[in-house]
Amino acid sequence: MGFDYQKMTIVGRLPRDPETKSFQAAKVAKFGIACTGERKKNERDEWEDIPVYFDCEVWQREKGLKLADTVEKYCRKGTRVFLQGRLSTDEWTGPDGVRRSKLILVVERVQFLDARLEPAQVEGGTGRD
């Protein structure tokens, strides 16, 4: 097998406040990010902006950088951030018995782009396997 590498970078704004959940040895902050995409509006080569939404999560363990704490403290609806991480698949069975899945960005690096926020940049490891 060859070497595969996956890294995703997104710049956008949070459409809602993060939600955090603590476990015995870990914590997770879940939130969304909205960024702008575009699509062809008509046949005269006019384009229009459309919002694109991604679900994100930040994991932290007992040791190491407290990235989920930082997201919980500094991120609110409307906060502009640069995110870098990897994609993971969340799978579940719906109430109708149908198997469902969605892609989630597991965030490994956060940089705050709003000038009023500190610290300006935070990096951390992931806890999701």
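Please refer to the structure higher up on the page.
Residues numbered from 1 in each chain as written. Predicted model: local features only at pLDDT ≥ 70, side-chain atom pairs only at ≥ 80, totals over all residues. Heavy atoms only, no water.

Chemist: Just checking my understanding: could you explain the overall build of the chain for this structure?
Modeler: Across its full length, the chain holds one helix and seven strands. Here the chain, with 129 residues, has 36% of them falling under the buried criterion. In the chain, once contacts between residues fewer than 6 apart in sequence are set aside, the share between residues at least 24 apart is 57%. Summed over all atoms, the accessible surface of the chain reaches about 8,600 Å², with 47% contributed by carbon and sulfur. (Helix = DSSP H or I, 4+ residues; strand = E, 2+ residues; numbered from the N terminus. Buried < 20%, exposed > 50% of the residue type's maximum accessible area, 1.4 Å probe, protein only. Contact = heavy atoms within 4.5 Å. Areas by Shrake-Rupley, 256 points an atom, 1.4 Å probe, with all protein chains shown as cover.)

Chemist: Got a minute to help me understand helix H1 (residues 67-74) in this structure?
Modeler: An α-helix turns once every 3.6 residues. As a result, residues three or four positions apart point the same way. For H1, every residue scored as buried is listed here: Leu67, Ala68, Thr70 and Val71. Seen along its axis, H1 keeps its buried residues to an arc of 160°; they face one direction. (Arc of directions from axis to C-beta.)

Chemist: Quick question: what am I supposed to make of the environment of glycine 85 here?
Modeler: Here glycine 85 is to be found in strand S5 (residues 80-93). Measuring from C-alpha to C-alpha, the distance between glycine 85 and glutamine 6 comes to 8.4 Å, with 79 residues separating the pair along the chain. Leaving out residues up to four positions away in the same chain, glycine 85 has contacts with Gln6, Lys7, Met8, Leu105, Val106, Val107 and Glu108.

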